[in-house]
Amino acid sequence: MAKEGKAKGADEQVSAVRRAKHGWIITLCFTILTVFYLYPIFMVTINAFKKKGFITENAFALPNSRSFFGLQNFIKGAQKTKIFQAAGYSAFITLFSVGVIILCTSMCAWYITRVKNKFTTGIYMLCLFSMVVPFQMVMFTLSKIANILKLNNPVGIIVVYLGFGAGLAVFMFCGFVKSIPLEIEEAAMIDGCTPIQTYFQVVFPIMKPTAITVAILETMWIWNDYLLPYLVLDINKYKTIPIVIQYLKGGYGAVDWGMMMAMLVLAIIPIVVFYIVCQKYIIEGVVAGAVKG
Amino acid sequence: MEKAIKRYFPIFALPTLLAFTLGFIVPFLMGIYLSFCEFTTVTDATFVGIKNYTRVFTDPTFIHALWYTALFTIVSVITINVFAFIIAMLLTKGIKGTNFFRTVFFMPNLIGGIVLGYIWQILLNGILANFGKTLTFSSSYGFWGLIILMNWQQVGYMMVIYIAGIQNIPGELIEAAKIDGANGPQLLANVTLPMVMPSITICTFLTLTNSFKLFDQNMALTGGEPSNSSQMLALNIFDTFYGRNGWEGVGQAKAVIFFILVAIIAVTQNTLTREKEVQQ
């Protein structure tokens, strides 16, 4: 046994040496690839500081004394598009929709997994089914219904997101609930917990990893979503970030590329910050989500 | 215990079910019904049978969009998965800076389709300007532009899934294959690929459905220009609904066909690749 362990250790050392030999070539290649990967973002950033005429003339040149426009693109763009207000709506809608989705769908998933009858099985199947239905299938009718029921505002759209996003979330929570041993919940109930206490004090804390995964997937979807808020919201009053960017293209005739670049930079900044802060959770969440989906 | 929980139906399940009914079930059923109607809003629908469906198949823009989307889906699924797998293989060799590279490659995924579309529009137009062309010069420029964009966005996501798959392969299995004299390509074909088959299933599924349903990137990059020739299905449906008067019913019929296509693709793909998965 000891001999075997030793032999394996030596083997690992050999392969570690081999790895190191070729490793730097791969590292070099990837470093070059990384530069290409980050270049589009770098390019948008330099162009955000140029006057608009210079962007279409030569998009790759760094700003010089003639083309440098300072923060004018940002200031004018922000005034014209009210992007900070849009960022507020985006943040509000994303935060509360994701919160509501996590709370409601996890409760629903626990219920339909623990109470087994034809009705709950039917709901589960419907949730599965809804995951393959593309948004275009329901977009027209959904936006009309939202309009009739006065859900065309940042609060009402939360209900729409809960409804349309429920399928994936319920499915993922159900997968996890099935793996929770029933004894834990039974013990809590015998000790006198009501189902609500059992859920919030015992079940939900156990579900936390899945809740994080669902939260990440739904946040990535809702923050970047264009079509649903565009069709559901009253866009004369409420715009989200993607709507503002698209409006810059469509709403004013010729595109002011200087303003566009500045607004793109403003749109990317929160995402990059969020990514740097929550990187570990995001990548783990994506992997966990993929395995279950 | 089940009985105790059952009484709490209004608290646990009802909110989600109400929203689900409102946000999915009712719009879905109404959508199917309206695809057989002529209408401008939901309230003035008159039943016209399958007229909308016959109009769909005589609409040249739809047929073009269908082929364009199919071709785009095939090319993007292959390129994204091949690149993602190669990068994942290289990033699991324990080289320096693995975490940094992984972080960078994943990042574009978080940026929304509209923003991505405009980033790449300015970049690709900047390059094409040297040849006196633009992205909307012909539909093939838009096509390859969209392929590049989608690769940039999705390779990182798929890479992360492949890395997890590769790291799950037991080390003994690879050692055993090496002792039996397997060389690099044999190891890849007979050990690594079969063992990461679950990851391949997921990644092809995600890339297939993402590409087929693509909307935001398509709209922001070319908007279907020149003259709708770079228009994909989702954009074509949107355009039929909101860009042409009197075509709402046809748009809804297109949406139903689109849904059926997506469902067929999803189910077929799942059964095909699941068959190839090995029991661990």
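Please read these numbers as outputs of a predicted model, since none were measured by experiment.

J.: Got a sec to walk through the overall build of chain A? Specific residues and values, please.
T.: Counting its regular elements, chain A contains 13 helices and zero strands. For chain A, the sequential pattern of α-helices and β-strands runs α-α-α-α-α-α-α-α-α-α-α-α-α. Here the C-alpha atoms of chain A give a radius of gyration of 25 Å, more than 25% beyond the 19 Å that 2.2 N^0.38 yields for 293 residues. C-alpha extents for chain A along the principal axes are approximately 75 × 75 × 35 Å. Out of the 293 residues belonging to chain A, those deemed buried represent 44%. Considering only intrachain contacts with a sequence separation of at least 6, the fraction spanning at least 24 residues in chain A is 74%.

J.: Requested: an account of the overall build of chain B, with residues and values cited.
T.: Assigned secondary structure in chain B consists of 14 helices and two strands. Looking at chain B residue by residue over its 280 residues, the buried ones come to 44%. In chain B, 75% of the contacts between residues at least 6 apart in sequence involve partners at least 24 apart.

J.: Give a description of the packing of helix α4 (residues 83-114) of chain A against helix α10 (residues 208-224) of chain A that names residues and reports values.
T.: Residues and elements named next belong to chain A. For the pair α4 and α10, the least separation of the axes is 9 Å and the interaxial angle reads 145 degrees. Regarding α4 and α10, the two cross each other, and that crossing is right-handed. When α4 is examined against α10, the residues Ser90, Ile93, Thr94, Ser97, Val98, Ile101, Ile102 and Ser106 are found in contact with a partner set consisting of Ala211, Val214, Ala215, Glu218, Thr219, Ile222 and Trp223. Considered class by class, the residues forming the contact of α4 with α10 number nine nonpolar, five polar and one charged.

J.: Provide a residue-level description of the domain arrangement of chain A, including the pertinent values.
T.: Where interface size is quoted, it is often the accessible area lost as the parts come together. All names here are of chain A. Looking at chain A, the domain boundaries give domain 1 (2-47) and domain 2 (73-288). On a C-alpha basis, the centroid separation for the pair domain 1 and domain 2 is 36 Å. Of the residues lining the interface, four residues belong to domain 1; the matching set on domain 2 comes to four residues. Residue composition of the side of domain 1 that touches domain 2, grouped by class: two nonpolar, two polar and no charged.

J.: Please set out the confidence of the model for chain A residue by residue, giving values where relevant.
T.: Residues and elements named next belong to chain A. Of all residues in chain A, 90% attain a pLDDT of 70 or more, and the chain-wide mean is 84. Averaged pLDDT values over the elements of chain A bottom out at 69 in helix α1 (residues 2-47) and peak at 93 in α4. Per-residue pLDDT stays below 50 along residues 1-14; that stretch engages in zero contacts with residues further than four places along the chain or on separate chains.

J.: Account for the environment of Pro27 of chain B, naming residues and giving values.
T.: Its place among the elements puts Pro27 of chain B in helix α3 (residues 14-34). Residue classification places Pro27 of chain B among the buried residues on the basis of 27 C-beta atoms within 10 Å. Excluding residues that lie within four positions of it along the chain, Pro27 of chain B makes contacts with Val138, Thr141, Leu142 and Ile145 of chain A.

J.: If you had to explain the interface of chain B and chain A to someone new, which residues and values would you point to?
T.: Taken together, the contacts link 72 residues of chain B with 67 residues of chain A. If one sorts the elements of the side of chain B that touches chain A by residue count, α3 of chain B sits on top with 14 residues. For the side of chain B that touches chain A, the class distribution of residues is 54 nonpolar, twelve polar and six charged.

J.: Lay out unusual backbone geometry in plain terms, naming residues and giving numbers.
T.: A positive phi angle is found at Lys82 of chain A, which is not glycine, with a value near 50 degrees. Note on placement: Lys82 of chain A falls in the loop between α3 (72-81) and α4.

J.: Give me the nonpolar core: which residues, what numbers.
T.: Among the nonpolar cores identified, the biggest contains 163 residues, and Met263 and Leu264 of chain A are the most heavily contacted of them. Those residues in contact with Met263 of chain A that sit more than four places away from it in its chain are Gly77, Thr81, Ile83, Val244, Ile245 and Leu248 of chain A.

J.: Give me helix α6 (residues 135-148) of chain A: which residues, what numbers.
T.: Residues and elements named next belong to chain A. For α6, spanning 14 residues, the distance from its first C-alpha to its last is 19 Å, which sits close to the expected 20 Å at 1.5 Å a residue. A bend of about 35 degrees at Thr141 is the largest found in α6. Counting buried positions along α6 yields ten of 14 residues, so the element is predominantly enclosed. Along α6, the residues classified as buried are Gln136, Met137, Val138, Met139, Phe140, Thr141, Leu142, Ser143, Ile145 and Ala146.

J.: Describe the confidence of the model for chain B, and please don't skip the residues or the numbers.
T.: Residue and element names in this part refer to chain B. The predicted model of chain B averages 88 in pLDDT, with 98% of residues at 70 or higher. For chain B, the element scoring lowest by mean pLDDT is helix α1 (residues 2-6), at 79; helix α5 (residues 60-91) scores highest, at 93. Across the interface, the model reports ipTM at 0.87; the global pTM reads 0.87.

J.: Can you tell me about the domain arrangement of chain B, naming the residues and giving the values?
T.: Each assigned domain of chain B is listed here: domain 1 (2-34) and domain 2 (61-279). A C-alpha centroid distance of 33 Å is found between domain 1 of chain B and domain 2 of chain B.

J.: I'd like a rundown of the environment of Val104 of chain B, residues and numbers included.
T.: Locating Val104 of chain B in the fold gives a position in helix α6 (residues 98-106). Val104 of chain B sits 52 residues away from Gly156 of chain B along the chain, and the two C-alpha atoms are 8.1 Å apart.

J.: Tell me about α6 of chain B, and please be specific about residues and values.
T.: Within the sequence span of α6 of chain B, burial applies to Phe101, Arg102 and Phe105 of chain B. End-on view of α6 of chain B: buried residues confined to an arc of 100 degrees, all on one side of the axis.

J.: Help me get a handle on the environment of Phe131 of chain B, residues and values and all.
T.: With respect to the helices, strands and loops of the structure, Phe131 of chain B is situated in the loop between α7 (113-128) and α8 (139-167). Each C-alpha atom, one on Phe131 of chain B and one on Thr58 of chain B, is 37 Å from the other, the two residues being 73 residues apart in sequence.

Definitions and cut-offs
Residues numbered from 1 in each chain as written. Chains lettered and ligands numbered in written order. Predicted model: local features only at pLDDT ≥ 70, side-chain atom pairs only at ≥ 80, totals over all residues. Helix = DSSP H or I, 4+ residues; strand = E, 2+ residues; numbered from the N terminus. Rg over C-alpha atoms; globule rule 2.2 N^0.38 Å. Buried ≥ 20, exposed ≤ 12 C-beta atoms within 10 Å, placed from the backbone. Contact = placed C-beta atoms within 7 Å. Axes fitted to C-alpha atoms, helices over the stretch in contact; angles between N-to-C directions. Left-handed = near helix turned anticlockwise from the far one by under 90°. Nonpolar A, V, L, I, M, F, W, Y, C, P; charged D, E, K, R; others polar. Domains from an automatic or database assignment. pLDDT = per-residue confidence, 0-100. Core = buried A, V, L, I, M, F, W, Y, C linked by C-beta atoms within 7 Å. Expected span 1.5 Å × (residues − 1). Bend = angle between axes of the 7 residues up to and from the residue. Arc of directions from axis to C-beta.

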